[in-house]
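A look at the structure
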Amino acid sequence: MPRPDPTGPARRFPFRFDPAFRLPLALLGVRPETAVVELAPDALVVRFGPWRLRTTPANIAGAELSGPYRWWRAIGPHLSLADGGATFGTSVAAGLCLRFAEPVPALAPGPWPRHPALTVTVADPAALRDALAPGTSGGA
């Protein structure tokens, strides 16, 4: 299957912000203008205030819809003690869990720790999942 043009435009998927959590998240530097998933043919970049995750779409091994969540497990940047996955959360409604073929850094500066998955609470998790599907524009 031919790969999309690596110079093609990036698609942006903003995070969904629950009103109750806007102020606490803003204190961490996470606001609508600083929280977005950008998907280009050659890169997936997740910006969450001061936190960043960067990988290639080819590193996405799976994407599953999830939620709703309990607020204390989903809001803000989190590390799962169960599986080492990370969460960038702004809403308890729904999200998308991205599983990586090769774990990637996200929660701390530098190369460690590396996470096998990342959950993001974007406004339209199904649209991001579909954009990552093979054979779609911007997909792996």
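Read on for a plain summary of the structure. (Residues numbered from 1 in each chain as written. Predicted model: local features only at pLDDT ≥ 70, side-chain atom pairs only at ≥ 80, totals over all residues. Heavy atoms only, no water.)

**Notes on the overall build of the chain**
When helices and strands are counted, the chain shows three helices and nine strands. Written out in order from the N terminus, the α and β elements of the chain read β-α-β-β-β-β-α-β-β-β-β-α. Computed over its C-alpha atoms, the radius of gyration of the chain comes to 14 Å, within 12% of the 14 Å expected for a compact globule of 140 residues. The dimensions of the chain, computed from C-alpha atoms along their principal axes, are 45 × 30 × 25 Å. Counting contacts in the chain only where the partners sit at least 6 residues apart, residues at least 24 apart contribute 60% of the total. (Helix = DSSP H or I, 4+ residues; strand = E, 2+ residues; numbered from the N terminus. Rg over C-alpha atoms; globule rule 2.2 N^0.38 Å. Contact = heavy atoms within 4.5 Å.)

**What to know about the side chain of Glu 38**
Tracing the chain through its elements places Glu 38 in strand S2 (residues 35–40). A polar contact is formed between the side chain of Glu 38 and the side chain of Arg 12, at a distance of 2.5 Å. What Glu 38 contacts, discounting residues up to four positions off in sequence, is Arg 11, Arg 12, Ala 43, Leu 44, Val 45 and Arg 47. (Polar contact = N/O pair within 3.5 Å; in protein donor to acceptor, adjacent residues only side chain to side chain.)

**Brief notes about the environment of Ala 127**
For Ala 127, the location among the structural elements is in helix H3 (residues 125–132). A residue is classified by how much of its surface remains accessible, and Ala 127, at 22% relative accessible area, is partly exposed. Separated by 114 residues in sequence, Ala 127 and Phe 13 have C-alpha atoms that sit 8.4 Å apart. (Buried < 20%, exposed > 50% of the residue type's maximum accessible area, 1.4 Å probe, protein only.)

**Some words on the nonpolar core**
Counting residues in each nonpolar core, the largest one holds 29 residues, and the members touching the most others are Phe 15, Val 37, Phe 88 and Val 120. Elements that contribute at least two residues to this core include exactly S2, strand S3 (43–48), strand S4 (51–55), strand S7 (86–89), strand S8 (95–105), strand S9 (114–120) and H3. Top contributing element to this core by residue count: S8, with four residues. Excluding residues that lie within four positions of it along the chain, Val 120 makes contacts with Phe 15, Val 37, Val 46, Phe 88, Gly 95, Leu 96 and Leu 128. (Core = buried A, V, L, I, M, F, W, Y, C linked by side-chain atoms within 4.5 Å.)

**What to know about the sheet that holds strand S1 (residues 11–14)**
Ordered in space as S1-S2-S3-S4, the four strands form an open sheet in which the pairing is antiparallel. Every other strand in the sheet has two partners, leaving S1 and S4 as the edge strands with one partner each. The mean angle between the axes of side-by-side strands here comes to 10 degrees, regardless of whether they run parallel or antiparallel. Bridging between S3 and S4 involves five bridges; their strand directions are antiparallel. Bridging across to S4, Leu 44 finds its partner in Thr 55. This element, H3, spans S1 and S2 of the sheet and lies at about 150 degrees to S1. (Pairing = 2+ DSSP bridges. Axes fitted to C-alpha atoms, helices over the stretch in contact; angles between N-to-C directions.)

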